[in-house]
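Observations on the model geometry
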Amino acid sequence: MSAQPFLPFALPEIGEEEIAEVVDTLRSGWVTTGPKAKRFEQAFAEFLAEPQIECIAVNSATAGLHLALEALGIGPGDEVITTTHTFTATAEVVRYLGADVVLVDIDPATLNIDPKLVEAAITPRTKCIVPVHYAGLAVDMLAILDIARKHGLRVVEDAAHALPTTLERELIGTMGSDATVFSFYANKTMTTGEGGMLVTRNAELAKRARVMRLHGMNRDAFDRFTAKVPSWYYEIVAPGFKYNLTDIAAALGLHQLKRLPAFQQRREQIAEVYNEAFADLPLILPPAAPEGDVHSWHLYVLRLADAAEIERDAFIEAMFARGIGCSVHYIPLHLQPYWRDRYGLTPEQFPHSQKAYERTVSIPLYTAMTDADVQRVIAAVRGILLGD
Ligand SMILES: *Cc1c(COP(=O)(O)O)cnc(C)c1O
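Rules used throughout
Residues numbered from 1 in each chain as written. Predicted model: local features only at pLDDT ≥ 70, side-chain atom pairs only at ≥ 80, totals over all residues. Heavy atoms only, no water. UniProt positions renumbered as here; feature names shortened; annotations may be inferred. Pairing = 2+ DSSP bridges. Helix = DSSP H or I, 4+ residues; strand = E, 2+ residues; numbered from the N terminus. Core = buried A, V, L, I, M, F, W, Y, C linked by side-chain atoms within 4.5 Å. Buried < 20%, exposed > 50% of the residue type's maximum accessible area, 1.4 Å probe, protein only. Contact = heavy atoms within 4.5 Å. Axes fitted to C-alpha atoms, helices over the stretch in contact; angles between N-to-C directions.

For the protein, the name recorded in an unreviewed UniProt entry is DegT/DnrJ/EryC1/StrS family aminotransferase, with Roseateles aquae as its organism. Quoted verbatim from the Sequence similarities (unreviewed entry) heading of the UniProt record, the comment on the protein is "Belongs to the DegT/DnrJ/EryC1 family."

Pairing is antiparallel across the open sheet formed by 3 strands, whose spatial order is S12-S13-S14. Whereas interior strands pair on both sides, the edge strands pair on one side only; in this sheet they are strand S12 (283–284) and strand S14 (360–363). Of the pairings in the sheet, the one linking S12 to strand S13 (residues 300–304) comprises 2 bridges and is antiparallel in character. Among the inter-strand pairings, Leu283 is bridged to a residue of S13, identified as Leu304.

Core analysis: the biggest nonpolar cluster contains 43 residues, and Phe40 and Phe44 have the highest contact counts within it. Not counting chain neighbours up to four residues away, the residues in contact with Phe44 comprise Cys55, Leu163, Phe182, Phe184, Met197, Val199 and Leu257.

Bringing the sheet that holds strand S8 (residues 179–183) into the picture now. As summarised here, the arrangement of the 7 strands in space is S1-S9-S8-S5-S4-S2-S3, forming an open sheet in which the pairing is mixed. Taken across any chain shown, the strands that pair with only one partner, and hence form the sheet edges, are strand S1 (54–58) and strand S3 (100–104). In this sheet, neighbouring strand axes are inclined to one another by 25° on average, regardless of whether the strands run parallel or antiparallel. Pairing between S1 and strand S9 (residues 196–200): 5 bridges, direction antiparallel. The residue bridging Glu54 from the neighbouring strand is Thr200, located in S9. Of the strands in this sheet, S1, strand S4 (126–130), strand S5 (154–158), S8 and S9 are in contact with helix H3 (residues 61–71), which crosses S8 at around 165°. Of the strands in this sheet, strand S2 (79–83), S3, S4 and S5 touch helix H4 (residues 88–96), which is tilted by about 155° from S3.

Laid out in structure tokens, this is it:
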């Protein structure tokens, strides 16, 4: 149908500065965690512009979520509440620790976790809430933090989509939860190839996460006995993990972070062009951020309205036939064999997520798209829904 090259669902935008910084790292002789990872953590803290915030660079958001929950002492017998409408990484880390996952449904307007359902799911075993800022639209954190305070629960934000997202003009990462975790996976709003950042104001949590990030190695432990630590000395205080971010990855991150405001503006601009172009179609368009707040636009998620005459799967096939990649975010966890079978879950328990799953499609939205690419996506969506 199309002679044009295939337009992928997502592509990173890597510039000459990123490439030069990686080459500099390779030539420096220091390729694993070192000065650039440290600089990246400092730059990230400056970006969040929040005193006392600690940024801990890790090799994935999954690692960051695991470290945060571990540091909070989540373990066997505990329950952690999160949304069914997410990627499995959000929930799997809870199982790493031997704790149990309690999945709840979403608000059909935002596709974000519904705070009312969170409160209803609390039991005496509940220890933590893990909200996910779906597609880059902030969860109602004021409601979540309120519930957490009332019931004495911890909150760890999965902010894999939410850089830079704001709520009440405050950046996600500075909202007052116990920890927030960002992802720098290849398709996220900025990338280090693989990588993540654990952000917290809790000094104890930060200390534990830094130790567990690298094999449970503690050099501070020595300080209790002598002022001078020999460079070769360390103590193992726990069976830790191998979650450190390399300087090669941090080299990418230093420059991607500088470009983040421009990246966000371009994403928002594409979202606005889409919104206008699709306004007359049988579609439910993605919800906007509240007035004055920032949506990161990690994803642009269309929902086929009941009036649309095409099924979701056929829509995606038709997009591919026109040379355009699409995706679905997400196949909800309650449908995945592991989660379904472990907790005996059924679609009826999650009507909004189920309906969203059946009717949603994520279309390409990324900074490396040209205006012509955007118009091509628009022409394809309009053509398919208007039946030409
Ligand atoms: C991408 C993603 C993750 C995992 O990020 P990694 O950096 O790949 O580990 C976690 N949660 C959500 C919602 C994601 O989209």
